[in-house]
Amino acid sequence: GAVVSQHPSRVICKSGTSVKIECRSLDFQATTMFWYRQFPKQSLMLMATSNEGSKATYEQGVEKDKFLINHASLTLSTLTVTSAHPEDSSFYICSAQGTSTDTQYFGPGTRLTVL
Amino acid sequence: QQQVKQSPQSLIVQKGGISIINCAYENTAFDYFPWYQQFPGKGPALLIAIRPDVSEKKEGRFTISFNKSAKQFSLHIMDSQPGDSATYFCAATRNKLVFGAGTILRVKS
């Protein structure tokens, strides 16, 4: 099956610092990757969509200068939370989608805690 | 605007029973309807998915029923087991996934 990994699984950082989260598709080429955030007991909210080699498309209300997304290869996308604040604490989940398919495969998620 | 409405919010089922979760959508442009299962602290895992040209799809104990005219679809879990206890999300997509609010299922042994 399609496997998507995320690293790190958990991160704790101080307010004002930046944190980078990696998302990798391990056994397929992901032409499109998505980044979601999920608050406790809530559904997943799409933050942005990225296509390999292109700039990410951000959803309304998501600050593109705060959440930097890079999709440099067909197997790797990164999300950098810049100048993190406690309100950025959340569960961040990526998903990857291959060519000519609608199916998104999700990573295991990254728990970010900003102190 | 919530485009996919999911119910119930929570569900308790006895072991061996049938769990039923319902979803309704508004956007007729949606053309793919997956269901995801999520355990606490984990990412969602694809369970089963359907396209609107099919009225039913079955994979093992999981069945999706799809009613295009009513713009509704549902997940049936037959012979529910304690290990099925998780949060279930329906979703719909054209180019990006829109998720329902989720259903917390608890299967009592």
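Note that the coordinates shown come from a computational prediction; the quantities given were computed from them, not determined experimentally.

Undergrad: So what exactly am I meant to see when it comes to the sheet that holds strand 7 (residues 62-67) of chain B here?
TA: Note: strands within a sheet are paired through backbone hydrogen bonds, in either parallel or antiparallel orientation. Residues and elements named next belong to chain B. Strand order across the open sheet formed by five strands is 1-3-8-7-6, with antiparallel pairing between neighbours. In the strand order of this sheet, the two ends are held by strand 1 (4-7) and strand 6 (56-59), each with one partner. Neighbour to neighbour, the strand axes of the sheet diverge by 15 degrees on average, direction disregarded. One ladder, built from four bridges, connects strand 6 with strand 7; its direction is antiparallel. In the strand pairing of strand 7, E56 is matched with S65.

Undergrad: Explain the pairing of strand 5 (residues 44-51) of chain A here, please?
TA: The side chains of a regular strand alternate between the sheet's two faces. All names here are of chain A. Of all eight residues in strand 5, six are buried, a share of seventy percent or more. Note: strand 4 (residues 32-38) against strand 5, seven bridges, orientation antiparallel. Residue pairing across strands places Y36 opposite L46, the latter belonging to strand 5. Connecting strand 4 to the antiparallel partner strand 5 that follows it, the hairpin turn spans five residues, and K41 within it adopts a positive phi of roughly 60 degrees. Bridge count between strand 5 and strand 6 (residues 57-58): two bridges; the pairing is antiparallel.

Undergrad: Sorry, what's going on with the nonpolar core here?
TA: The tendency in soluble globular proteins is for nonpolar side chains to be buried as a group. Counting residues in each nonpolar core, the largest one holds 25 residues, and the members touching the most others are B:V4, B:F33, B:W35, B:F73, B:L75 and B:Y88. Only strand 2 (10-14), strand 3 (19-25), strand 4 (33-38), strand 5 (45-50), strand 7, strand 8 (72-77), strand 9 (86-93) and strand 11 (103-108) of chain B provide two or more residues apiece to this core. Per-element accounting of this core gives the leading share, four residues, to strand 9 of chain B. B:L75 has contacts with B:S19, B:I20, B:I21, B:W35, B:L47, B:I48, B:F62, B:T63 and B:Y88, leaving out every residue within four places of it along the chain. The next biggest cluster of nonpolar side chains, apart from the first, holds 23 residues, and it includes A:I21, A:F28, A:M47 and A:A96.

Reading the values: the criteria
Residues numbered from 1 in each chain as written. Chains lettered and ligands numbered in written order. Predicted model: local features only at pLDDT ≥ 70, side-chain atom pairs only at ≥ 80, totals over all residues. Heavy atoms only, no water. Pairing = 2+ DSSP bridges. Helix = DSSP H or I, 4+ residues; strand = E, 2+ residues; numbered from the N terminus. Axes fitted to C-alpha atoms, helices over the stretch in contact; angles between N-to-C directions. Buried < 20%, exposed > 50% of the residue type's maximum accessible area, 1.4 Å probe, protein only. Core = buried A, V, L, I, M, F, W, Y, C linked by side-chain atoms within 4.5 Å. Contact = heavy atoms within 4.5 Å.

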